[in-house]
Amino acid sequence: MRFSRSDAATDAELVHAAQAGDVSALGSLLGRHRPALLAVAISLVGYGPDAEDAVQEASMTALRRIGDVRDPGAVGAWLRAVVRNACRMQYRAPARVPLDAGVTEVLRSAEPDPVEVLGQHATRDWIWQALEKLSPPLRLVLMLRYFSGVTAYQDIADACGVPVGTVRSRLSDARGKLTRALLATADTTHGDIRAVTAERRSQAEELLSAARRGAPVPALATSWLPTVAVSGPGGMRAEGYDLLAHGFRQDLTAGVGYRLANVVASSDLAIWEVALQSPPEDPFHCPPSAVWVLHLRADWVERARLFHTRREPPAHTHTA
């Protein structure tokens, strides 16, 4: 169902249409509520860029989670709660982007992975078509922030190899440009992001499987350029397969286990999230996970950056 007169439709009707894949209904819904959302943001953080950022953050949440709204008639209250939450988050630096009770109360109780949300709703290709309009640096920070487990600004900065201030400015710029791109591409034909993601996932699985067998180089040679530029923790920099193969061999010897947890992909960027399992005799041998940020040219990886997630400090126990 597509609304020709969206101004006459109720919020509930627009939400139902958006959940069914009508991207014009979603655009109409966000446009309808934008003045109220901006007013809420201004009341909390004042007039200026911070208020605009909070509204853009709310729009991103709506784009990702419109399919989970269980009370369509209350979507206005939900959006305002998202803006309030975004304003509060501007003054914190959490490891995740939590949703408070006001945001979650109109969502379904089971919260799927963001990639699953994209896979379930027809809007996913619309979002990714708009993302492709952004430059790779802007697209990468959005992909990390909203579609991966790397959501803290410092972690995004480490994964991209840039200062935190650069991440903040890129996110602000990217959110505004993405909103404009979404509105511009709402009625165009969109490619299927599932095919791209499936290909990147297959490449990741093949490489990890080969690493477990102790033969990563042939797998690397199928999708990574021989001159690939590799960077990572501690100023690590190298070119080619040697350092990668050496690292995989070290992990194999140490008994480190791999499990591909998530893949986020666009035409020339891919993010691999890999859960790491330390050997039983050395439970703190490795961090809990590794994230590979890959830059591709003509489907070949030409730059790769490795980022290790931080292990949470143990909880302190108090005895009487």
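Everything quoted here is computed from the prediction, not taken from an experiment.

A.B. asks: Give me the lowdown on the side chain of Ser 278, citing residues and values where you can.
C.D. replies: One can find Ser 278 in the loop between strand 4 (269-277) and strand 5 (289-297). Residue classification places Ser 278 among the buried residues on the basis of a relative accessible area of 13%. Within the structure, Ser 278 has its side chain in polar contact with the backbone oxygen of Pro 283 (distance 3.4 Å). Polar contacts involving the side chain of Ser 278 include one to the main-chain amide nitrogen of His 285, which spans 3.4 Å.

A.B. asks: Hey, could you go over the nonpolar core for me, with residue numbers and the actual values?
C.D. replies: In this structure, Val 83, Leu 131, Leu 142 and Leu 144 are the most contacted members of the largest nonpolar core, which totals 59 residues. If we skip the residues at most four places from it in the chain, Leu 144 touches Val 150, Thr 151, Ile 156, Ala 159, Cys 160, Ile 271 and Val 293. Ala 211, Trp 224, Val 263 and Leu 276 belong to the second-largest nonpolar core, a separate cluster that totals 29 residues.

A.B. asks: Could you give an account of the pairing of strand 4, naming the residues involved and the relevant values?
C.D. replies: Most of strand 4 is tucked away, with eight of its nine residues classed as buried. Looking at chain direction, strand 3 (residues 257-265) and strand 4 are connected through eight bridges and run antiparallel. The residue of strand 4 that forms the bridge with Asn 262 is Glu 273. Once strand 3 ends, the chain turns through three residues before running back antiparallel as strand 4. Taken together, the seven bridges between strand 4 and strand 5 define a ladder with antiparallel strand orientation. If you follow Val 274 over to strand 5, its bridge partner there is Ala 290.

Calculation rules
- Residues numbered from 1 in each chain as written.
- Predicted model: local features only at pLDDT ≥ 70, side-chain atom pairs only at ≥ 80, totals over all residues.
- Heavy atoms only, no water.
- Helix = DSSP H or I, 4+ residues; strand = E, 2+ residues; numbered from the N terminus.
- Buried < 20%, exposed > 50% of the residue type's maximum accessible area, 1.4 Å probe, protein only.
- Polar contact = N/O pair within 3.5 Å; in protein donor to acceptor, adjacent residues only side chain to side chain.
- Core = buried A, V, L, I, M, F, W, Y, C linked by side-chain atoms within 4.5 Å.
- Contact = heavy atoms within 4.5 Å.
- Pairing = 2+ DSSP bridges.

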